[in-house]
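The primary structure of each chain is shown beneath.
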Amino acid sequence: EARFDGLAGCLRTPAGGSSRQMLLFVEGERTRSRLISPREAARLMGAIGYTFQRPELLIASVTHRSFVNESADRLAFDNERLEFLGDAVLGLVVATELMQRFPSAQEGVLSRLRASMVDEAALHKLAVALGLGEALRLGRGEELSGGRTRSSLLADAFEAMIGAAYLDGGLDAARVILDRCLSYP
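Residues numbered from 1 in each chain as written. Predicted model: local features only at pLDDT ≥ 70, side-chain atom pairs only at ≥ 80, totals over all residues. Heavy atoms only, no water.

For helix α6 (residues 120-130), the set of buried residues is A122, L123, L126, A127 and L130. The buried residues of α6 occupy one face: seen down the axis, they fall within an arc of 135°. Of the exposed residues in α6, those oriented more than 90 degrees away from the buried face are K125 and A129. Check the buried side of α6 and you find it contacts α1 (38-48), α4 (80-101), α5 (107-118), α7 (132-135) and α9 (151-181). One or two steps after α6, the chain reaches G131, where phi turns positive at roughly 70°. (Buried < 20%, exposed > 50% of the residue type's maximum accessible area, 1.4 Å probe, protein only. Helix = DSSP H or I, 4+ residues; strand = E, 2+ residues; numbered from the N terminus. Arc of directions from axis to C-beta. Contact = heavy atoms within 4.5 Å.)

Put into structure tokens, the structure is as follows:
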């Protein structure tokens with residue numbers, strides 16, 4: 001028997017079940033939902049090099065507000081708060097690494113390096129390389145208007161995923177993903 005985990009509309013079979021299924025959302029009445037299979041979730045976790053202990057956080061990180069607004073699933077959460085947190089975690093991890101790599105660099109140099117690594121264009125490239133757009137939960141209008149490839153939306157989802165990893169496994173979890181994805185100068 002399946003149970004509903006409310007944070008992000010995650011439906012799971014009990015831990016002892018023969019095939020643990022994770023549905024990345026429950027189909028809503030007002031939106032044409034796109035099912036992401038357990039295989040897609042595993043692909044994404046493999047791409048980032050981190051396995052979520054609380055997969056509902058990963059699910060929330062790929063949930064755009066348009067999906068929540070159009071969904072009958074009133075327990076779904078969008079990724080905006082995770083994006084906020086992920087932005088801070090990303091900045092902290094990158095700043096720390098840059099300070100260690102360039103111990104004599106001036107603050108202005110470090111700031112420019114960090115800015116170039118965490119701007120929208122850089123994060124968009126990372127999200128595309130990970131195939132993050134394929135996993136996004138979008139509302140119908142956002143889907144039809146090309147949201148799955150929109151630079152800002154993909155960059156935001158990447159930040160949200162970092163925030164989700166931080167909540168799931170702390171700073172070390174976020175570092176695992178960033179060490180795998182980022183190329184430092």
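From this point, things continue past the structure.
Confidence in the prediction of the protein, expressed as mean pLDDT, is 83, and 78% of residues score 70 or more. α4 holds the highest mean pLDDT among the elements of the protein, 98, whereas strand β1 (residues 3-5) holds the lowest, 34. Confidence drops under a pLDDT of 50 for residues 1-35, and excluding neighbours within four residues, the segment shows 97 contacts in the predicted structure. (pLDDT = per-residue confidence, 0-100.)

Turning our eyes to something else, we now look at the pattern of salt bridges. Throughout the structure, instances matching the rule amount to 8 salt bridges. A salt bridge links E56 to R54; the nearest nitrogen and oxygen atoms lie 3.7 Å apart. Take E56: its relative accessible area is 8%, and that puts it in the buried class. Between R175 and D172 there is a salt bridge; the shortest N-O distance is 3.9 Å. In this pair, R175 and D172 are both assigned in helix α9, 3 residues apart and thus about one turn of the helix distant. The partly exposed category is assigned to R175, whose relative accessible area is 29%. Residue class for D172 comes out exposed when judged on its relative accessible area of 57%. By sharing partners, the salt bridges in this structure join E40, R43 and E134 into a single network. (Salt bridge = Lys/Arg side-chain N within 4 Å of Asp/Glu carboxyl O.)

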